Amino acid sequence: AQSVSQHNHHVILSEAASLELGCNYSYGGTVNLFWYVQYPGQHLQLLLKYFSGDPLVKGIKGFEAEFIKSKFSFNLRKPSVQWSDTAEYFCAVTPNSGGSNYKLTFGKGTLLTVNP
Amino acid sequence: DAGITQSPRHKVTETGTPVTLRCHQTENHRYMYWYRQDPGHGLRLIHYSYGVKDTDKGEVSDGYSVSRSKTEDFLLTLESATSSQTSVYFCAIRGGGSNEQFFGPGTRLTVL
């Protein structure tokens, strides 16, 4: 079974600071990887995804993530955060095959607080 | 917006009572999922469905049952609610070509 580890429980930044949130997964096969964002009081929204091909993927709102297969990592980055990026961020993985019924395994989340 | 609605959005109930949460989708997706979200635990899969009348357990299925009698509706039942089932419950569907899931607005359940 796969698992996901998010290194930071709570990250506090000032506006315009750069962001990197760590995500590592464990699974021996090919995977699809996702970052979701949850703004206060809202549901999860897809931020970006890796399916195949270019390991550097770009998402909405200026976010990007890099898949490093050798490190089993999929870290989320943003060069300059804004107050509106305050949210909880979840990394998720699913095996790239239908045999798992496309079940997602989530990390425990990283709460990002951006101070104005 | 993946056309997912959940009802009720908020519910307060008492220990020992049965509770049913409904997830409704309008886009004929085959796969549907129920998660619970708790602080410090992220999202954990309760049950999922891969077709009408086809369901299976997730990692935290004890105390929960599900039913899917038609494509658009996936019901989650707490047979006898306990305080440990106080949580926010999210329904999701698998959509798109990259196996991503799209989430409903959630149901906040409080068991007193």
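Residues numbered from 1 in each chain as written. Chains lettered and ligands numbered in written order. Predicted model: local features only at pLDDT ≥ 70, side-chain atom pairs only at ≥ 80, totals over all residues. Heavy atoms only, no water.

Attention now goes to the state of the cysteines. Throughout this description, disulfide means a covalent bond between two cysteine sulfur atoms. Inspection of the entire model under this criterion finds two disulfides over all chains. With a sulfur-sulfur separation of 1.9 Å, Cys23 of chain A is cross-linked through a disulfide to Cys91 of chain A. When the S-S torsion is -65°, as for the bridge of Cys23 of chain A with Cys91 of chain A, the disulfide is left-handed. You can see Cys23 of chain A sitting in strand S4 (residues 23–26) and its partner Cys91 of chain A sitting in strand S10 (residues 87–95), a full 68 residues away along the chain. The class for Cys91 of chain A is buried, based on a relative accessible area of 0%. Between the sulfur atoms of Cys23 of chain B and its disulfide mate Cys91 of chain B the distance is 1.9 Å. Residues Cys23 of chain B and Cys91 of chain B are joined by a disulfide whose S-S torsion is about -70°; by sign, that bridge is left-handed. In this pair, Cys23 of chain B sits in strand S3 (residues 19–25) while Cys91 of chain B sits in strand S9 (residues 87–94), placing the two residues 68 residues apart along the sequence. Both residues of the pair, Cys23 of chain B and Cys91 of chain B, count as buried. (Disulfide = S-S within 2.5 Å. Helix = DSSP H or I, 4+ residues; strand = E, 2+ residues; numbered from the N terminus. Buried < 20%, exposed > 50% of the residue type's maximum accessible area, 1.4 Å probe, protein only.)

Another aspect to go through is the pattern of salt bridges. The full count for this structure, using the stated rule, is nine salt bridges over all chains. Put simply, Glu100 of chain B and Lys49 of chain A hold a salt bridge, and the shortest N to O gap is 2.7 Å. Placement of the pair is Glu100 of chain B in the loop between S9 and strand S10 (101–103) and Lys49 of chain A in strand S6 (residues 45–50), with the two residues belonging to separate chains. The exposure class of Lys49 of chain A is partly exposed, given its relative accessible area of 32%. Within this structure, Lys58, Glu64, Glu66 and Arg77 of chain A form a network of salt bridges that share partners. (Salt bridge = Lys/Arg side-chain N within 4 Å of Asp/Glu carboxyl O.)

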